[in-house]
Amino acid sequence: QVHSVESGGGSVQAGGSLRLSCAASGRTFSNYAMAWFRQAPGKEREVVVYIAFAGGITSYADSVKGRFTISRDNAKNTVSLQMNSLKPEDTAVYYCALGVLISRERNDYPYWGQGTQVTVSS
């Protein structure tokens, strides 16, 4: 079993920045791909970015390319998401997910954190 806990959410004005972190525990962290998903009210949960086991492969949603950056530290069992130039449409609950597959599909990630709220005001 793998457990993950997100932190770093909050409220910010448009154009601002936030940094989310996900701390994982349980099985060997470096064996898992990790992803950030988000879910806005009334919308489906969507992938924001995912990163492979060793960090060499990353893929971003078009809506966040050039603004968000994912990084992972396998020695510390953490993955971070630096979010810059935030927009009101980035407002959502952000979830950290872990899975064996390197995938953009939520069903490929069996382990989820509880989520952290990000609110961007205009």
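Positions within a chain are numbered from 1, following the residues in the order the chain's sequence is written. The predicted nature of this model means local features are confined to residues of pLDDT at least 70 and side-chain atom pairs, given and counted, to a pLDDT of 80 or more, with totals for whole chains, interfaces and linings taken over all residues. Computation of side-chain values: all heavy atoms of the structure, hydrogens and water removed.

### Re the overall build of the protein
Here comes step 1: Working definition: helices are DSSP H or I runs of at least four residues, strands are E runs of at least two. Numbering for both runs from the N terminus. Helices and strands together make up the secondary structure of the protein, namely 0 helices and 11 strands.
Here comes step 2: Along the protein, helices and strands appear, N-terminal first, in the series β-β-β-β-β-β-β-β-β-β-β.
Here comes step 3: Taking 122 residues into account, the globule formula puts the C-alpha radius of gyration at 14 Å, and the protein, at 13 Å, falls close to it.
Here comes step 4: Put simply, the protein has 122 residues, and 43% of those count as buried.
Here comes step 5: Contact definition: two residues touch when any of their heavy atoms are within 4.5 Å. The long-range fraction of contacts in the protein, counting pairs at least 24 apart against all pairs at least 6 apart in sequence, stands at 58%.
Here comes step 6: With an accessible surface of roughly 6,100 Å², the protein has 47% of that area assigned to carbon and sulfur atoms.
Here comes step 7: Here the protein carries 12 positive and 9 negative side-chain charges, and the mean point of each set is 4 Å from the other. Using C-alpha atoms as the atom set, the radius of gyration is obtained and then compared with a globule rule of 2.2 Å times the number of residues to the power 0.38. Under the scheme applied here, a residue whose accessible area is under 20% of the maximum for its type counts as buried, over 50% as exposed, and between as partly exposed, the area being computed with a 1.4 Å probe on protein chains only. Surface accessibility in these figures is a Shrake-Rupley result with a 1.4 Å probe; residues are shielded only by whichever protein chains are displayed. Working convention for charge: Lys and Arg count positive, Asp and Glu count negative, and His plus the chain ends are omitted. Charge positions come from single atoms, namely NZ of Lys, CZ of Arg, CG of Asp or CD of Glu.

### Observations regarding the pairing of strand β11 (residues 116-121)
Here comes step 1: Side chains of β11 alternate between two faces, with Thr116, Val118 and Val120 buried and Gln117, Thr119 and Ser121 left unburied.
Here comes step 2: Note that strand β2 (residues 10-13) and β11 share 4 bridges and pair parallel. Along β11, the bridge assignment pairs Gly10 with Val118.
Here comes step 3: At least two bridges found by DSSP between two strands are what make those strands a pair. Here strand β9 (residues 92-99) runs beside β11; their pairing, made up of 3 bridges, is antiparallel. Bridge assignment links Ala92 to a residue of β11, and that residue is Val118.

### Description of the sheet that holds strand β8 (residues 78-83)
Here comes step 1: Spatial ordering of the open sheet is given by β1-β3-β8-β7, a layout of 4 strands whose pairing is antiparallel. Whereas interior strands pair on both sides, the edge strands pair on one side only; in this sheet they are β1 (2-7) and β7 (68-73). Across the sheet, the mean angle separating the axes of adjacent strands is 15° when strand polarity is ignored.
Here comes step 2: Examined bridge by bridge, β1 and strand β3 (residues 18-26) share 6 bridges and lie antiparallel to one another. Across the sheet, Val5 pairs through a bridge with Ala23, a residue of β3. For helices, the fitted line uses only the C-alpha atoms of the stretch in contact; every axis is such a line through C-alpha atoms, and the angle between N-to-C directions lies from 0 to 180 degrees.

### Some thoughts on the environment of Gln1
Here comes step 1: Mapped onto the elements, Gln1 comes out in the segment before β1.
Here comes step 2: Residue classification places Gln1 among the exposed positions, given a relative accessible area of 54%.
Here comes step 3: Distance from Gln1 to Tyr60, taken between C-alpha atoms, is 27 Å for residues 59 residues apart in sequence.
Here comes step 4: Apart from the residues within four sequence positions on either side, Gln1 is in contact with Ser25, Gly26, Arg27 and Tyr111.

### Quick word on the packing of aromatic side chains
Here comes step 1: Stacked, tilted and edge-to-face are the three classes applied to pairs of Phe, Tyr and Trp rings, where Trp contributes its six-membered ring and a pair requires centres within 6.5 Å; stacked means planes under 30 degrees apart, edge-to-face means over 60, and tilted covers the rest. Under the counting rule described, the total for this entry stands at 4 aromatic pairs.
Here comes step 2: Their ring planes at 70° and their centres at 5.6 Å tell us that Phe37 and Tyr109 sit as a pair that is edge-to-face. One end of the pair, Phe37, is in strand β4 (residues 33-39); the other, Tyr109, is in the loop between β9 and β10 (111-112), and 72 residues separate them in sequence.
Here comes step 3: Ring geometry for Phe37 against Trp112: centres 4.9 Å apart, planes inclined by 55°, an arrangement best described as tilted. Of this pair, Phe37 sits in strand β4 while Trp112 sits in strand β10, and the two are 75 residues apart along the sequence.
Here comes step 4: The class for Phe37 is buried, based on a relative accessible area of 1%.
Here comes step 5: A relative accessible area of 25% means that Trp112 is categorised as partly exposed.
Here comes step 6: An aromatic cluster is defined as three or more aromatic residues linked by ring pairs; in this entry it consists of Phe37, Tyr95, Tyr109 and Trp112.

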